[in-house]
Number of protein chains: 2
Amino acid sequence: MINQLITQIQKKKAPVVVGLDPMLKYVPKKLLEAAFQEYGETLEGAAEAIWQFNKGIVDATYDLIPAVKPQIAMYEQFGLPGMSAFKKTVDYCKEKGLVVIGDVKRGDIGSTSEAYAVGHLGKVTVGSQAYSGFDEDFVTVNPYLGSDGIQPFIEVCKKEKKGIFVLVKTSNPSSGEFQDQKIDGKPLYELVGQKVAEWGEQCMGDSYSNVGCVVGATYPEMGKVLRKIMPKTYILVPGYGAQGGAAKDLAPYFNEDGLGAIVNSSRGIIAAWQSEKYASFDGTTYADASRQAVEDMIADINSIF
Amino acid sequence: MINQLITQIQKKKAPVVVGLDPMLKYVPKKLLEAAFQEYGETLEGAAEAIWQFNKGIVDATYDLIPAVKPQIAMYEQFGLPGMSAFKKTVDYCKEKGLVVIGDVKRGDIGSTSEAYAVGHLGKVTVGSQAYSGFDEDFVTVNPYLGSDGIQPFIEVCKKEKKGIFVLVKTSNPSSGEFQDQKIDGKPLYELVGQKVAEWGEQCMGDSYSNVGCVVGATYPEMGKVLRKIMPKTYILVPGYGAQGGAAKDLAPYFNEDGLGAIVNSSRGIIAAWQSEKYASFDGTTYADASRQAVEDMIADINSIF
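In this report, the structure presented in the accompanying data block is examined.

Parameters at a glance
Residues numbered from 1 in each chain as written. Chains lettered and ligands numbered in written order. Predicted model: local features only at pLDDT ≥ 70, side-chain atom pairs only at ≥ 80, totals over all residues. Heavy atoms only, no water. Core = buried A, V, L, I, M, F, W, Y, C linked by side-chain atoms within 4.5 Å. Buried < 20%, exposed > 50% of the residue type's maximum accessible area, 1.4 Å probe, protein only. Contact = heavy atoms within 4.5 Å. Helix = DSSP H or I, 4+ residues; strand = E, 2+ residues; numbered from the N terminus. Pairing = 2+ DSSP bridges. Expected span 1.5 Å × (residues − 1). Phe/Tyr/Trp six-rings, centres within 6.5 Å; stacked < 30°, edge-to-face > 60°. Arc of directions from axis to C-beta. Axes fitted to C-alpha atoms, helices over the stretch in contact; angles between N-to-C directions. Left-handed = near helix turned anticlockwise from the far one by under 90°.

Observations concerning the nonpolar core
Part 1 of the reasoning: Formed by 233 residues in total, the largest nonpolar core has its most connected members in A:Ile164 and B:Ile164.
Part 2 of the reasoning: Setting aside anything within four residues of it in sequence, one finds A:Ile164 in contact with A:Leu121, A:Phe138, A:Val139, A:Val141, A:Ile150, A:Phe153, A:Ile154, A:Cys157, A:Asn210, A:Val211 and A:Gly212.

Here's the deal with the pairing of strand 3 (residues 99-106) of chain A
Residues and elements named next belong to chain A.
Part 1 of the reasoning: For strand 3, a buried count of 8 out of 8 residues is recorded, marking the element as mostly surrounded by other parts of the structure.
Part 2 of the reasoning: Alternating residues of strand 3 divide into Val99, Ile101, Asp103 and Lys105 and Val100, Gly102, Val104 and Arg106, and every residue in both groups is buried.
Part 3 of the reasoning: Sheet topology note: the strand 2 (residues 67-68)/strand 3 ladder contains 2 bridges and is parallel. Residue pairing across strands places Ala67 opposite Val99, the latter belonging to strand 3.
Part 4 of the reasoning: Bridge count between strand 3 and strand 6 (residues 138-141): 3 bridges; the pairing is parallel. What sits directly across from Gly102, in strand 6, is Val139.

Points about helix 7 (residues 147-160) of chain B
All names here are of chain B.
Part 1 of the reasoning: Over its 14 residues, helix 7 runs 20 Å from end to end, which matches the ideal 20 Å to within 8%, given 1.5 Å per residue.
Part 2 of the reasoning: Of the positions making up helix 7, those classed as buried are Ser147, Asp148, Gly149, Ile150, Pro152, Phe153, Ile154, Val156 and Cys157.
Part 3 of the reasoning: One or two residues past the end of helix 7 sits Lys161, with phi positive at roughly 55°.

Overview of the packing of aromatic side chains
All names here are of chain A.
Part 1 of the reasoning: According to the stated counting rule, one finds 18 aromatic pairs over all chains in the structure shown.
Part 2 of the reasoning: Ring centres of Phe254 and Phe305 lie 4.9 Å apart, and the angle between their planes is 90°; on these two criteria the pair is classed as edge-to-face. Separated by 51 residues along the polypeptide, Phe254 in the loop between strand 11 (235-237) and strand 12 (261-265) and Phe305 in the segment after helix 12 (286-302) bring together distant segments of the chain.
Part 3 of the reasoning: An aromatic cluster is built from Tyr75, Phe86 and Phe134, whose rings are joined through pairwise contacts.

Section: helix 2 (residues 29-39) of chain A
The periodicity of an α-helix, 3.6 residues per turn, causes residues three or four places apart in sequence to face the same way.
Part 1 of the reasoning: Buried residues of helix 2 of chain A: A:Leu32, A:Ala35 and A:Phe36, and no others. Seen end-on, helix 2 of chain A carries its buried residues on one side only, within an arc spanning 95°. Exposed residues lying more than 90 degrees from the buried face of helix 2 of chain A are A:Lys30, A:Gln37 and A:Glu38.
Part 2 of the reasoning: Along its buried surface, helix 2 of chain A packs onto helix 3 (43-61) of chain A together with strand 4 (124-126) of chain B.

Comments concerning the packing of helix 6 (residues 110-120) of chain A against helix 7 (residues 147-160) of chain A
Residues and elements named next belong to chain A.
Part 1 of the reasoning: Close contact between helix 6 and helix 7 brings their axes to 8 Å; oriented N to C, the two are set at 35°. Crossing geometry of helix 6 relative to helix 7 is assigned as right-handed. Of the residues in helix 7, those touching helix 6 at Gly110, Ser113, Glu114, Tyr116, Ala117 and Val118 are Asp148, Gly149, Pro152, Phe153 and Val156.

What follows is the structure, given as structure tokens:
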């Protein structure tokens, strides 16, 4: 799967991923009213609104981008109808040829991680049949439980040719509280990074591993160090744009081959129509605003090289 | 919610929780066949089988126990029908007066943790309405992202009178890989434990906090230290039974008031009918085997005092 992601990045000259993290406040009034008219002000209505909103953005941007990253929490908050909108979004993006990174941050002890891995990346056996539950291409994984919580994901990745991104250094303000703590003089995130590099050796694509990692755009100095610790690990970089990360800071996340990182923007793309920068757009042209924001982001990221 | 959990524990004299982590291989043939007859060998069929299986166990044990802990991964692996079985299980257990601990191990950056908290413990706003998504009483939370990933859960707990259990020291073999790393001479899990105690002060019940923690039964020496660091924190203890933890080792997890810990068993209860110890039961009496196993577990745990 990492080979496929890299091919798409190179083909589209766009080391970017659009975060499909819809909130009802981003959805234009007309779309929202149409969904509520059909389903009422219900969980079903909310799920329909975010699905239609996503569809508009995907239709307007899929030819420009290699991948999307739906954040499952934004769907899970709407209960079962929300989960259904998540699945519809995943399926639709795959139909459009996009690589889908499920931002699910799962992770548990062995047998339980296996169930998550099977449900999101693999196939579950039911009698004589096998079914995909959510069927993303990659998922994000939390490493706090250690190797035996990660290994089941890797086994499923090997079998199904899928991939994971393991949280190493997250983009949020208090990520340092535990992740930056020094162990024998080195921060915990470096130790996790070393493990990610080791885990990745088991599951290599051509030049990069199917075991990637997450390092926030908001900590470029740490990104620089982590790039060296994990030379064959693709870095998924959240925190660009709305969270404060700037393109000029992101050069150290890439290798000399111009590969090795993919930068995410969520709010900056999907809620572009509500921002001052794209004030010429409105609710009826929200998807065009997202397209413009994607084009601007690609140009901005490519200015690094 | 912690008050309600303690009341139930005292009333039933049972500091135990039954882990509803169904796997198809635990489901008696007759139940499985009935589900497949109705829905085929499909995700819907699997979901129906685990739901009916759960219902049997809950009906046979609810009068003995204060709480259940469904592990969402075991449902999520069956996709949308599985999530529906999870919700049915949560709702049914609440109808039966049980406290429901959703073992979801979620955790993300602030705005995303808020969505998880709202979806699992709170209410999400849709237009002029508000809805519960999954509506557990407690959920388990992963602390790797730090305070700003935990705080949104605490805010929802305050508002909705719910609770969380934060992972501190997990029961799996490789939990030490990161959790035991020494920081200024103290293991990471102690630092997380200190934070849990601090977070908990914001959200107190009468004698214990609504912010609990998870410490595996498989590490009793660490449980002893953590009990002291977090005197007002309820400890959810996985790893008893099938994973190897024994009652005699669990005394240090409790306070002198006989409270402060609740011990989970999953496989040992729900798959009791398949074990040698309960060989007198079979597939037609699997729920009775679970009842017997619960009675034996309660007696075993109470032998500590």
